[in-house]
Amino acid sequence: MLLPHLAQVLVEQVRIEGRKVLVVARTRDGTAVPCPDCGVPTRRVHSRYQRHLADAPLGGRSVAIELCVRRLFCDTAHCTRRTFAEQVADLTVRYGRRTIILAEIVQAIALALAGRAGARLAAVLHILISRTTLLSVVMATPDPMPTAPRVLGVDDFATRRGRKYGTVLVDLDSHRVLDLLPGREKAPLVAWLSAHPGIEVVCRDRAGAYAEAANAGAPQAQQVADAWHLWDNLAHAVERTAIAHRSCLTPPLADYPEPTPAAAPDPALNPDTGTEKWLVTRTRERHRAVQDLLARGWTISAIGRELGLARHTARRYAHCENPEALADRAIRTTRLDAYRPYLINRWNQGCTNASTLFREIQAQGYPGRTPQAVRRFLRPLRDTAKTAPEPPPKPQDLTNWITRHPGNLRVEEERLLGDVLSRCPELEAVRNHVHAFARMICDRTGTDLPAWISAVRAADLPHLHAFADGLERDQDAVTAGLTLPWSSGPVEGHVNRIKMLKRQMYGRASLPLLRKRVLLA
């Protein structure tokens, strides 16, 4: 707003026009303004003209300023400028259609949200601006001042995964992104390193192009192979070894128990809970109560009145000496009872599909129209049947268990890993080598690397041999990665941030625009 600039600006009128506040003002006469070229103040007026500026919103309304400014003569003889327009400090800039404070707000929105999302936020803030203009603001923002890094982190990122890549450069001292380069080839990185001498350490992954670029562009720098990438390469070698010994993951057939044949479920039990059916329980309790009263000399009629039973029901309970016969009568028969032996036999033969069994007994004359009764009959068989033997672990699971800290394994995972290693001495040797490599990373004892490589080559582990060959070709950088404290952790964090910015801009994430947002946001 104009309040901080009242010394230079005279407000003539303020009026509200719908959802807009219009401020009419002019610069004060008689004030000397320095020439932008020679700096000599002048008061001689050439002419006046109107400037239309957008300002920060106020009270939920957009603000527009109609500012009348002077054009002045520069009377200095040696100055090449004859006339110039006066600027209001901290309010206007040359050719600007927004005030400085509004330009800063728009720039912050553009860098944080870019196009569409930024335009939606600006509309909520009553700032009229399009998504294309916001992108233009981002591209027009100057780059930050370049710095001379001492420790440089290098990694690649995908602008279109599998097709198009770029290279991100990070100052590992300040954790700030220095630049984004097109592609992940050698040439762009060599040119950048040559233009920035003084780099002492280059932390990189295992890519050969980056190693060659560091040798060519910064031969004086110490190269450091990132420890996480070393561990990831080792994990891939372990997984290939596990795949090659897949047969050791499955236990012998003799270890699996023989399945127990299923028997017909007890009709007196509830198939859902396994408890006695309530009709059977009620029959036993009534028989016991009637027999107790009968032993105490009660008549049949008195027993019926006491227990709420009909006289003939009380007589039946009184004259029945075997309660199991009454319990059997309490079990209701169904149309499926005649087919139960057949269903049990087919279940033991391995047919456990209720729909298939229903169609088979329906062909034999079963009058039911839906397989629901068959499903209810098979439910207790499924619950009591022997569970199938657990599947063997996958090579990926085994790799995860071997490369994880032993103290972080669950009891079941430790048991399964022990079973596999007891059947496969090669995988047992792999685990020992992995633990030795992990100790080198944790203790930063890179000097033990030659002994570790020799121990790996003494074992019959071809996939670990290939990994060891790669370490030997890049031994100086690997030794530094296992010894020095530098890593690509900050670089990986910025790669994750680049992915977020790229997805936020959908298909508009060209490298120049993405670079601006990464460097400035």
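Time to look at the overall build of the chain. Across its full length, the chain carries 21 helices and 12 strands. Scored against the burial criterion, the 521 residues of the chain give a buried share of 39%. Look at the contacts in the chain between residues 6 or more apart in sequence, and 58% of them connect residues 24 or more apart. Accessible area of the chain: about 29100 Å², with a carbon and sulfur share of 53%.

Judged by pairing direction, the sheet is mixed, and its five strands sit side by side in the order 10-9-8-11-12 without closing on themselves. This sheet does not close on itself; its edge strands, each paired only once, are strand 10 (176–182) and strand 12 (222–225). For this sheet, the mean angle separating the axes of adjacent strands, direction not counted, is 25°. With four bridges joining them, strand 11 (residues 201–204) and strand 12 adopt parallel strand pairing. Following the sheet pairing, Val201 is matched in strand 12 by Gln222. Along the sheet face, helix 20 (residues 489–504) touches strand 8 (151–160), strand 9 (164–171) and strand 10 and points at about 30° away from the line of strand 8.

Moving on to a nonpolar patch on the surface. Taken together, the side chains of Leu121, Val124 and Leu125 make up a nonpolar region of the molecular surface, amounting to roughly 240 Å² of accessible area. Turning to its location among the elements, Val124 is positioned in helix 2 (residues 116–124).

Turning our attention to the pattern of salt bridges. This model, assessed by the stated rule, comprises 23 salt bridges. Taking the shortest distance from any N to any O, the salt bridge between Asp29 and Arg48 comes out at 2.2 Å. Linking Asp29 in the loop between strand 2 (20–27) and strand 3 (33–34) with Arg48 in strand 5 (residues 45–58), this pair joins segments that are 19 residues apart in sequence. The class of Arg48 is partly exposed, set by a relative accessible area of 38%. With a shortest N-O distance of 2.8 Å, Asp143 and Lys516 are connected by a salt bridge.

Procedures and definitions
Residues numbered from 1 in each chain as written. Predicted model: local features only at pLDDT ≥ 70, side-chain atom pairs only at ≥ 80, totals over all residues. Heavy atoms only, no water. Helix = DSSP H or I, 4+ residues; strand = E, 2+ residues; numbered from the N terminus. Buried < 20%, exposed > 50% of the residue type's maximum accessible area, 1.4 Å probe, protein only. Contact = heavy atoms within 4.5 Å. Areas by Shrake-Rupley, 256 points an atom, 1.4 Å probe, with all protein chains shown as cover. Pairing = 2+ DSSP bridges. Axes fitted to C-alpha atoms, helices over the stretch in contact; angles between N-to-C directions. Patch = residues over 30% accessible without salt bridge, like charges linked within 9 Å, V, L, I, M, F, W, Y side chains within 5 Å. Salt bridge = Lys/Arg side-chain N within 4 Å of Asp/Glu carboxyl O.

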